[in-house]
There are 2 protein chains.
Amino acid sequence: MTFKGKRFNIKNVTGYIFEIYRKVVCIVTIKKVAELAGVSTATVSRVLNNKGNVSARTKMIVEDIIHEMEYEPNDLARMLYRGRSNMIALLVPDIMNPFFPELARAVEDTAKSEGYTCILCNTDGDYYKEISYIKAITQKKIDGVIIVSNTITEDEVDDINLPVVMLDRKTKANVNSITIDNQAGVQDAINFLKSLGCKKIAHLAGPENDINAQVRKDYYLKEVGQEKWFDSDMIAFGDYDFDKSVIATKKILSNNSDIDGLFAGNDLMGFGALKAAYDLRIDVPKSLSVIGFDGISLGETVTPSLTTMEQPIYDMGMYAVKILLDQIEGEKVYRHKKFFAQLKKRESTKQGD
Amino acid sequence: MTFKGKRFNIKNVTGYIFEIYRKVVCIVTIKKVAELAGVSTATVSRVLNNKGNVSARTKMIVEDIIHEMEYEPNDLARMLYRGRSNMIALLVPDIMNPFFPELARAVEDTAKSEGYTCILCNTDGDYYKEISYIKAITQKKIDGVIIVSNTITEDEVDDINLPVVMLDRKTKANVNSITIDNQAGVQDAINFLKSLGCKKIAHLAGPENDINAQVRKDYYLKEVGQEKWFDSDMIAFGDYDFDKSVIATKKILSNNSDIDGLFAGNDLMGFGALKAAYDLRIDVPKSLSVIGFDGISLGETVTPSLTTMEQPIYDMGMYAVKILLDQIEGEKVYRHKKFFAQLKKRESTKQGD
DNA sequence: TTGAAAGCGCTAACAG
DNA sequence: CTGTTAGCGCTTTCAA
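Residues numbered from 1 in each chain as written. Chains lettered and ligands numbered in written order. Predicted model: local features only at pLDDT ≥ 70, side-chain atom pairs only at ≥ 80, totals over all residues. Heavy atoms only, no water.

Participant: Mind showing me how you'd approach the state of the cysteines here?
Facilitator: Structurally, a disulfide amounts to a covalent bond that connects the sulfur atoms of two cysteines. For the structure shown, the criterion picks out zero disulfides over all chains. The thiol of C121 of chain A is not disulfide-bonded; the next cysteine sulfur, from C118 of chain A, is found 8.5 Å away. (Disulfide = S-S within 2.5 Å.)

Below, the structure is given as C-alpha cells:
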C-alpha cells in the first residue's frame, strides 16, 4: 500500500492515523493516551514515571501509544501538583556587563545538569525592578533565586519566601552567601605592583554606592595610605564604567606624571585605564603597570592584555547553584562560602622574575 | 497593648494574627482568602482579576484580606488553566560570546515590558542540546522561542510545536526570521577599506560550518576575487575564536607584508587581528586598517578601538520578541525582517575625510 | 496489577 | 451581585 508516495504496512498505517489524530486534535493529554491504550490515566502515569507496578504487556502497549502520539507530559500540571517548578532565577544588574555572562553560563550549565531551568533577570541595580522580579518569581513558584545586588536591603532579602543565595555580598547569617575575599585580593594586587618596583600607585575606584567597590578602595587605602607619596589625589572614580574610567585616568595621570602603577577596581575600568594611557602615549607596562580585578575573559583580548586579580567566576556560579539546590531539596544549614582571587599576570604589568 | 516591643491597636493585632497564620500555614491560597473573607473563591478571583461584578463592599473586604495575608496567586495554576505560561525562551550558542549578552538584554527587556519572563538556554551549537532544550520548552508550555543556531535543520524547526523566530538565519517561508544583510554589510566594509586606499585586503573568516561566516566570506570573494593582487592566501580562518585569530593573522601577515587592510568576519576575530598586529609591531591603522563585523560594545574598549560594521543588535532582539509575541497572540502571517549593518568608524582604520 | 477518585490552585460558565 | 460546579493535566492514595 502506498500513500503520498510513501510505502505503508499495517504498522505504518496505524502510525499515520495517529499522526493525523495528533495534528488535528492537537493536544495529546494523558487522558487520550489512556483511552487509546485502553487503560486508566493512573497506569499511564505509572509508566511515565516508572513508578509502581505495571505488567510488562501493559507497559509496552502504553509506551507504544506514547511514542506513536508523540505524547509529552504537560510540565505545568506536574509543577502544580508538586508545588514546584524545577526552575531557578538569576538576578543580575545587567547581563551586558562582561562579568555576568560567565556567571550566567555557570549558573545555567549547573542548573541544567541538575534538571533545572534558568530564568534571567536584569535589574539594573534598580530597587523596584528587583522587588517586582522577586514578586513575579514567587508567584511563578520558581524554586529558588540567586541574587547579585548592591541595592536590595537585608530586610527585603529576609522577606523573600524562597531559597536565596546572595552573590558578592555579605549577608545576615540566615541567608546563604558567596563572596570574594577582597582584602586578600587587593593586598595581592598592591603587593604585586610594589614587587615590580612601582613607587606611586593610583586607584581607579568603582561607584560610591557599591559595597565591593568601597571595600576594595578601603583595602587599597589600608595598603598604601601610610606611604609618603600617598595623597587623596591618588584615587579616581571610574564608576565601573569604561568611558568614565578613561576620563578619570587621564586626569589623574596628567596631574601626576610620576604614577607608575594603577590598580583598577574592576577589569572594565582597567580597560579604560589602558585606553587613557594609550591616548596619552604613556607606555604600558614600561612606564605604567596596570592591574585590574575580576578576571573577565575579555581581559586577554585588549592590548596590552590586562593583568588582573582573577575571580573564579565560573566556580562561584556553580557553587551558588549547588548551595541553592541543597536548600531547595531541604538542607537547613545556611552556607557562606568565600572565594579567593588569584593573580593573573599578563602584559599590562612589567615582567618580573 | 504591646507585644515584642511593638505597639498594637486592634487593627494591628488582626494583622499580627494573620501574619502568624501566614507563617505557620505557609501557603495562602485563594480558598483560604475566600474562607476568611466569607465569600466564594469565584468572588476572590473576580476581585483578583478585576473582572465581573463585585459589590464595592465585598471588594474591600476581600482586598483587605488579600493584603493582610499577603496573598499572591499561584501562577502555575493560572498557567495550567490558561494553557500558557507567559514565558519565552532564548536559545543561543553561548552567552559568553560577547554578541549575545546585548541580544539577551534586548530580548529580556522587551519580554518583560510585555509581561513575559525569559528563559536563557546555552546550546553550544550542539545539536542534541538544542533538541533537548526544545523538548523541555515544549513540555513546560513555554509560549514561544527565539533561536540562534546554525546547526538545527529546517525540518527540526518545522517540527517545533510552538511559535518560533529564527535569528541570523534564513529559513523556510513558514518560519519567522530576522537576518542581517550580509551582502550590503560586506560590500560596505570592503568599499570603505578601498576608499581608504587599501591595496591588498585580507579576510579573517569564521568557521566553515557557520552559514553567516560562509556568506561573508563569499561576499568578500565577490568583492575582491577579481583583483590582480588577490589569491587564496588572502583568507585565513579565525573560527570566531580570539586565539585562533591571533595565530591565523600572524601567519597571513608574515607571509604577505604588503597587506594593508583586513576584514574580520566578526569583532572577536577583529580583536585577534589587532593583537596579532601589536605583537608583530605592525602599526594599526597606519600600516594596516582593520575592520570587524558585529558592533559589540567591547569594540570601543580595545586599543586601538575597532572599526566595525555595526549590527543593530538591540533592535534585532527587540523585534524578534515583537514578532514572537504577535505569533503567540494569534497572528497568522510569518515575517522575515532584514536588518542592515552600519559602518562604525573607530581607530583601527585610517582616518579618511 | 489496575482503576476510581480526590486534589494541586485557579478561572469561568451557569444559575440563582 | 454571588455561589456552585466543572475542569485545566497530572499524580497518588485507596480499593478492588
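There is more to say, and it comes next.
Participant: What is the right way to look at the interface of chain B and chain A in this model?
Facilitator: Note: interface size is frequently given as the accessible area lost on complex formation between the parts. The partner chain A presents 52 residues to the 52 residues of chain B that form the contact. With both sides pooled, the region where chain B packs onto chain A buries about 5000 Å², and carbon together with sulfur makes up 58% of that total. Inspection of the chain B/chain A interface yields eight salt bridges. For D75 of chain A, the salt bridge is made with K140 of chain B, and the minimal N-O distance between the two is 3.7 Å. Between the two partners, chain B and chain A, sit 20 residue pairs in polar contact (both at pLDDT 80 or more). Taken together, the elements giving at least two residues each to the side of chain B that touches chain A come down to α5 (75-82), α6 (99-113), β4 (117-122), α7 (127-139), α11 (242-255) and α12 (267-279) of chain B. (Contact = heavy atoms within 4.5 Å. Buried area = accessible area lost by both parts, 1.4 Å probe. Salt bridge = Lys/Arg side-chain N within 4 Å of Asp/Glu carboxyl O. Polar contact = N/O pair within 3.5 Å; in protein donor to acceptor, adjacent residues only side chain to side chain. Helix = DSSP H or I, 4+ residues; strand = E, 2+ residues; numbered from the N terminus.)

Participant: Would you mind showing me how to read the side chain of T307 of chain B here?
Facilitator: All names here are of chain B. As for its placement among the helices and strands, T307 is situated in strand β12 (residues 307-310). When its relative accessible area of 0% is taken as the criterion, T307 is described as buried. Polar contacts involving the side chain of T307 include one to the main-chain amide nitrogen of R346, which spans 2.8 Å. What T307 contacts, discounting residues up to four positions off in sequence, is F192, V290, I291, G292, L343, K344, K345, R346, E347, S348 and T349. (Buried < 20%, exposed > 50% of the residue type's maximum accessible area, 1.4 Å probe, protein only.)

Participant: I'm lost on the protein's contact with DNA strand D in this one. Help?
Facilitator: Among the 26 residues in the neighbourhood of DNA strand D, the closest are listed as I30, Y71 and R78 of chain A together with S55 and T58 of chain B. Looking at DNA strand D alone, sugar and phosphate atoms form 70% of those within 4 Å of the protein. Here S45 of chain A contributes a side-chain N or O atom positioned 2.9 Å from a phosphate oxygen of DNA strand D. Backbone polar atom of S40 of chain B to a phosphate oxygen of DNA strand D: 3.0 Å apart, as the coordinates give it. Broken down by element, the surface near DNA strand D gets its largest block of residues, four residues, from helix α3 (residues 41-49) of chain A. Here the surface near DNA strand D is built from residues that sort into 13 nonpolar, 10 polar and three charged. (Near = heavy atom within 4 Å. Nonpolar A, V, L, I, M, F, W, Y, C, P; charged D, E, K, R; others polar.)

Participant: Which parts of the structure should I look at to understand the relation of the copies chain B and chain A?
Facilitator: The operation relating the pair of chain copies consists of a rotation about an axis and a translation along that axis. For the pair chain B and chain A, the relating rotation is 180°, the translation along its axis is 0.0 Å, and the fit reaches an RMSD of 0.1 Å. Classification of the inter-copy transformation places it as that of a two-fold axis. With an isologous cut-off of 70% or more, the 98% of interface residues of chain B that recur at the interface of chain A puts this contact in the isologous class. (Least-squares fit on C-alpha atoms with pLDDT ≥ 70 in both.)

Participant: Quick question: what am I supposed to make of the confidence of the model for chain A here?
Facilitator: Detailed conclusions should not be drawn from predicted coordinates in areas where pLDDT is low. Taken residue by residue, chain A gives an average pLDDT of 91. The fraction at 70 or more is 92%. Here residues 1-13 of chain A is a poorly scored stretch, pLDDT under 50, and it has 14 contacts once near neighbours within four places are set aside; other chains count. (pLDDT = per-residue confidence, 0-100.)

Participant: Hey, could you run me through helix α4 (residues 56-69) of chain A in this one?
Facilitator: All names here are of chain A. Under the 1.5 Å per step criterion, the end-to-end length of α4 is 20 Å for 14 residues, consistent within 8% with the ideal 20 Å. Taken as a whole, α4 has its buried residues at V62, I65, I66, E68 and M69. Looking at the residues trailing α4, positive phi occurs at E70, about 50°. (Expected span 1.5 Å × (residues − 1).)

Participant: Explanation requested: the protein's contact with DNA strand C in the structure shown.
Facilitator: By nearness alone, 25 residues border DNA strand C, and T43 and T58 of chain A together with I30, Y71 and R78 of chain B come closest of all. Taken together, the sugar and phosphate atoms account for 73% of what DNA strand C places within 4 Å of the protein. A distance of 3.0 Å separates a phosphate oxygen of DNA strand C from a polar atom in the side chain of N53 of chain A. In this structure, N49 of chain B approaches DNA strand C through a side-chain N or O atom, which is 3.3 Å from a phosphate oxygen. Broken down by secondary-structure element, the contributors of at least two residues to the surface near DNA strand C are α3 and α5 (75-82) of chain A together with α3 (41-49) and α5 of chain B. In terms of residue class, the surface near DNA strand C is built from 12 nonpolar, 10 polar and three charged.

Participant: Explanation requested: the packing of helix α2 (residues 30-37) of chain A against α4 of chain A in the structure shown.
Facilitator: The packing of two helices is summarised by the inter-axis angle and the distance between the axes. All names here are of chain A. Contact geometry of α2 with α4 gives a least axis separation of 9 Å together with a crossing angle of 125°. Put simply, α2 runs oblique to α4. Where α2 crosses over α4, the handedness of that crossing is right-handed. Residues V33, L36 and A37 of α2 form the contact with α4, whose participating residues are I61, V62, I65, I66 and M69. Residues belonging to the contact of α2 with α4 are distributed by class as follows: eight nonpolar, no polar and no charged. (Axes fitted to C-alpha atoms, helices over the stretch in contact; angles between N-to-C directions. Parallel < 35°, antiparallel > 145°, perpendicular 65-115°, else oblique. Left-handed = near helix turned anticlockwise from the far one by under 90°.)

Participant: I would appreciate a short explanation of the sheet that holds strand β11 (residues 289-294) of chain A in the present structure.
Facilitator: By definition, the strands of a sheet pair up through backbone hydrogen bonds, in either a parallel or an antiparallel sense. Residues and elements named next belong to chain A. Within the open sheet, the six strands sit side by side as β9-β8-β10-β11-β12-β14. Their pairing is mixed. Both outer strands of the open sheet, β9 (235-237) and β14 (342-344), are each paired with one neighbouring strand and no more. Averaged over all pairs of adjacent strands, the angle between strand axes in this sheet comes to 20°, irrespective of strand direction. Bridge count between β11 and strand β12 (residues 307-310): four bridges; the pairing is parallel. In the sheet register, D294 faces β12, and the bridge partner there is E310. Helix α11 (residues 242-255) contacts β8 (201-205), β9 and β10 (261-264) of the sheet and is inclined by roughly 155° relative to β9. Its contacts with the sheet put helix α12 (residues 267-279) on β8, β10, β11 and β12, and the angle it makes with β11 is roughly 160°. (Pairing = 2+ DSSP bridges.)

Participant: Just to check I follow, could you spell out α5 of chain B for this structure?
Facilitator: Within α5 of chain B, burial applies to D75, L76 and M79 of chain B. End-on, the buried residues of α5 of chain B take up no more than an arc of 100°, which puts them together on one face. Looking at the packing, one finds that the buried side of α5 of chain B touches α5 and α7 (127-139) of chain A together with β3 (87-92) of chain B. Between the side-chain oxygen at the start of α5 of chain B and the backbone nitrogen of L76 of chain B there is a gap of 2.7 Å, and the oxygen is on N74 of chain B. Following α5 of chain B by one or two positions, G83 of chain B adopts a phi angle in the positive range, close to 75°. (Arc of directions from axis to C-beta.)

Participant: Teacher, can you tell me more about the sheet that holds strand β11 (residues 289-294) of chain B here?
Facilitator: All names here are of chain B. Reading across the sheet, the six strands line up as β9-β8-β10-β11-β12-β14 and stay open at both edges, with mixed pairing between neighbours. Only two strands of the sheet have a single partner each, and these edge strands are β9 (235-237) and β14 (342-344). Going from strand to strand, the sheet's axes swing by 20° on average, the running direction of each strand aside. Each of β8 (201-205), β9, β10 (261-264) and β11 touches helix α10 (residues 211-224); the most contacted strand, β8, lies at about 165° to it. Here α12 sits on the sheet in contact with β8, β10, β11 and β12, set at roughly 160° to β11.

Participant: What is the right way to read the environment of Y314 of chain A from this model?
Facilitator: Turning to its location among the elements, Y314 of chain A is positioned in helix α13 (residues 313-328). Spatially, the C-alpha atom of Y314 of chain A lies 9.8 Å from that of D109 of chain A, the residues being 205 residues apart in sequence.

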